[in-house]
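Residues per chain, in single letters:
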Amino acid sequence: MALASVLVCRCVLQDRSLPEVVASPRRGRPSLGGAAVETPPKTPATSPCRCVTDTLASAHALSLPYSVCEDVAKAIWSHAKAHAEGKGDTVLPANIGLASSDCSGHDRSGSPSAKRRRSTCNDLAVPDHLKAIFARCGPTQPSQSQDDQTNASSSSDDTLVHARGVLDLALAQAGVDPVVAAQIWARVRAMAVSASAYWREVTVDLSRAASSLYRYLEHQRMLYWRHQPWRGVNLGGWLLLEPGPSSALFDRFEGGVRCEWKLMQKMREELGTEKAAEALREHRETFITEEDIRRIRSLGLNAVRVPFGYWVVMGPANEDEFMGPCIEYLDRVLHWCKIHGLQVLLDLHGAPGGESGEKPCGRERRDWSWQDWRFDESLAALRTIATRYKGHEAVTGIAVCNEPSETVPASVLCQFYDRAVQTIRDAGMPPDEVSIMLPIYRTERLDEIWRLWNQSYDGFARHANVAFDLHLYHCFGPWWQRQGFGSHLRMTKRHRKILRRVPAVVGEWSLALPPQACGDGDVEEDEAQRAFAKAQLEAYAQASHGWFFWNWRDSPNQHPGWDVQTCVERQWLTKSQFTDASSSRKRSS
């Protein structure tokens, strides 16, 4: 019997009667190795709207228990890999592709299969001219021809022939409507086609391989994910202070203070410890209220990204100047979001030691080095968050850090990401409930991280419902300052093509443009901003996990394109654009 048939049989026959097709979470879900993973029951919803999943479930009626999806996906992926390596139906070890590493670069597993996986992936001989993955986005370069799809489908047929009967039996036992069952099977078949294409292309053309992997992951995710892609806004400047959105607090103190660390020092010097704590408490109490959450929902947005510093969760460590803990504010905003039907992406915006030496992580310092980032403490903060909020209806995503410095070696970053994903999953947040975001920040580093994450960790295939976090701004750096308005619009088209090749969220974007960008010819500012907004929304609708505008509010002294409320008031952005954004996304079928 083919590998897929064996694994699907296991998921059906090992005391899995599949009583509910969309039941989630399932307690005691057996893994491939047989170990039970306990996930908590959902907290009963008490609000009139019940919970976020109820309001979104109708768009994803094909949901299966994640345990079934997991086994089928592993079977298809390992079989496609074995076929590409000339092993036919060879049954690969159950832990193939499993790396257990720490941020020092040491492999802690010591298993022969892990060693074979590293050797196989790192020995891929890719010529230099084939190494560009996301840069070649020309419209004349299709991601996969029809002939390729046919060949890929043919090579996966031996896996699917036996699997279909068993899967049909599982769906029948679950009482799934035959029409829906046919749609589920179509997804499974598309997964097999895409997996075969990936393993055939990965040694020939990484750009096309990336597109095949993206399609495989999208088909897989649509089998168990019940939420709409995020169309949201950031709550920046609330639980991690930044000069723009937190300007009301920064403006009270002179001396060129530009980050929360220095602001805390200044406030203690001028106000004393007790009054400084009172001023910060007042900011946290009033900056975001339930009325803000209600207004965000009324605009047609469906999610918020909540940036916070580690000190909000753990309290300041290593004599850091921050004030905390104050995790009750996260509790509060999650309750409000549950009531008003918003999804939440929890964003560890300021990591212990800082993921960079820039002010967005809480402390601006020129002498920062990547060794200052305290990785183990970062994992502890993520573990605390995941344990506290597992099963919460509103929490559908966690970002493991924010905008890591480009001086952090790619190998160190991927090792941390691998550990972070496992930490969150082990704490009780399964893939069918929570997506995990891994920040890349700028697209210039996407090729390097994608290659390492997939070839050294088999990261996207091994860790389900994980995506890269990209921040697509058009205003930072001398290159952007030199571009005319037409160039900015062309770059959104390039971003659109990139987003169709990698699982991603656009975690931050805005309508801020360099002053001269709107000076092309007779282009009027409002007209230009509307066109820029439209181009970006069309591009970011392609992001598998959605997007978040930066920010809910910003300083009136800043470009108005940073403040979504101002953008709506000026009609640069409209409610209809927010509500229609996801419908323009072309999902694979």
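Placed above this text is the structure.
Since the structure is predicted, the reported quantities are computational estimates derived from the model, not experimental observations.

(A) The nonpolar core, seen in detail. In this structure, Leu330, Leu346, Val400, Trp450, Phe468 and Leu573 are the most contacted members of the largest nonpolar core, which totals 134 residues. Sequence-distant contacts of phenylalanine 468, defined by excluding residues within four places in its chain, comprise Leu438, Ile440, Leu446, Ile449, Trp450, Trp453, Phe460, Val502, Pro503, Ala504 and Val505. In this structure, Leu263, Ala276, Ala279 and Met323 belong to the second largest nonpolar core, which totals twelve residues.

(B) Region of interest: the pattern of salt bridges. Applying the stated criterion to the full structure yields 22 salt bridges. A salt bridge links aspartate 292 to arginine 553; its shortest N-O distance comes to 3.0 Å. One end of the pair, aspartate 292, is in helix H11 (residues 290-298); the other, arginine 553, is in the loop between strand S10 (546-549) and helix H21 (564-569), with 261 residues separating them in the sequence. Given the relative accessible area of 5%, aspartate 292 is considered buried. Judged by relative accessible area, arginine 553 falls into the partly exposed class, the value being 23%.

(C) How the structure looks around the packing of aromatic side chains. Overall, the coordinates contain 26 aromatic pairs when judged by the stated rule. With a centroid separation of 6.3 Å and 75° between ring planes, the pair formed by tryptophan 238 and tyrosine 329 is classed as edge-to-face. Within this pair, whereas tryptophan 238 is found in the loop between strand S3 (230-234) and helix H8 (247-250), its partner tyrosine 329 is found in helix H13 (residues 328-340), the two being separated by 91 residues in sequence. Of the two residues, tryptophan 238 and tyrosine 329, neither departs from the other in class, the shared state being buried. Ring geometry for tryptophan 261 against phenylalanine 322: centres 5.5 Å apart, planes inclined by 85°, an arrangement best described as edge-to-face. Linking tryptophan 261 in helix H9 (residues 260-271) with phenylalanine 322 in the loop between helix H12 (310-314) and H13, this pair joins segments that are 61 residues apart in sequence. The class for phenylalanine 322 is buried, based on a relative accessible area of 5%. Three or more aromatic residues link up through ring pairs in this structure, and these residues are Trp509, Tyr540, Trp547, Phe549 and Phe578. The side chain of arginine 363 reaches across the aromatic face of tryptophan 261, ending 3.8 Å from its centre.

(D) Quick look at the environment of tryptophan 238. Using a relative accessible area of 1% as the deciding quantity, one classes tryptophan 238 as buried. On a C-alpha basis, the gap between tryptophan 238 and tyrosine 329 in space is 9.7 Å, while along the polypeptide they are 91 residues apart. Leaving out residues up to four positions away in the same chain, tryptophan 238 has contacts with His283, Arg284, Phe287, Ile288, Val306, Tyr329 and Val333. Side-chain polar atoms of tryptophan 238 contact the backbone oxygen of arginine 284, separated by 2.8 Å.

(E) Structural detail: the sheet that holds strand S9 (residues 504-509). Taken in spatial order, the eight strands line up as S3-S4-S5-S6-S7-S8-S9-S10 and close into a barrel, and their pairing is parallel. Here the average twist between neighbouring strands, direction ignored, is 25°. Bridge analysis of S3 against S10 gives four bridges, and the strand direction is parallel. Bridge pairing links valine 233 to phenylalanine 549 in S10.

(F) Representation of the packing of helix H3 (residues 66-84) against helix H7 (residues 206-224) in the model. Where H3 meets H7, the axes come as close as 9 Å, and the angle between the chain directions of the two elements is 155°. Put simply, H3 runs roughly antiparallel to H7. Between H3 and H7 lies a crossing of right-handed hand. In this structure, H3 contributes Tyr66, Cys69, Ala73, Ile76 and Trp77 to the contact, and H7 contributes Leu213, Tyr216, Gln220, Leu223 and Tyr224. A breakdown of the residues in the contact of H3 with H7 according to their chemical character gives nine nonpolar, one polar and no charged.

(G) Quick peek at the pairing of S9. In terms of burial, S9 is a largely internal element, six of the six residues being buried. Bridging between strand S8 (residues 466-471) and S9 involves four bridges; their strand directions are parallel. Residue leucine 470 lies in a different strand from S9, and its bridge partner there is valine 506. Of the strand pairs in this sheet, S9 and S10 are connected by three bridges, and their pairing is parallel. Looking at the pairing, valine 506 lines up with tryptophan 547 of S10.

What counts, and where the lines are drawn
Residues numbered from 1 in each chain as written. Predicted model: local features only at pLDDT ≥ 70, side-chain atom pairs only at ≥ 80, totals over all residues. Heavy atoms only, no water. Core = buried A, V, L, I, M, F, W, Y, C linked by side-chain atoms within 4.5 Å. Buried < 20%, exposed > 50% of the residue type's maximum accessible area, 1.4 Å probe, protein only. Contact = heavy atoms within 4.5 Å. Salt bridge = Lys/Arg side-chain N within 4 Å of Asp/Glu carboxyl O. Helix = DSSP H or I, 4+ residues; strand = E, 2+ residues; numbered from the N terminus. Phe/Tyr/Trp six-rings, centres within 6.5 Å; stacked < 30°, edge-to-face > 60°. Lys NZ or Arg CZ within 6 Å of the ring centre and 35° of its normal. Polar contact = N/O pair within 3.5 Å; in protein donor to acceptor, adjacent residues only side chain to side chain. Pairing = 2+ DSSP bridges. Axes fitted to C-alpha atoms, helices over the stretch in contact; angles between N-to-C directions. Parallel < 35°, antiparallel > 145°, perpendicular 65-115°, else oblique. Left-handed = near helix turned anticlockwise from the far one by under 90°. Nonpolar A, V, L, I, M, F, W, Y, C, P; charged D, E, K, R; others polar.

Function-wise, these values are silent; they only describe arrangement.
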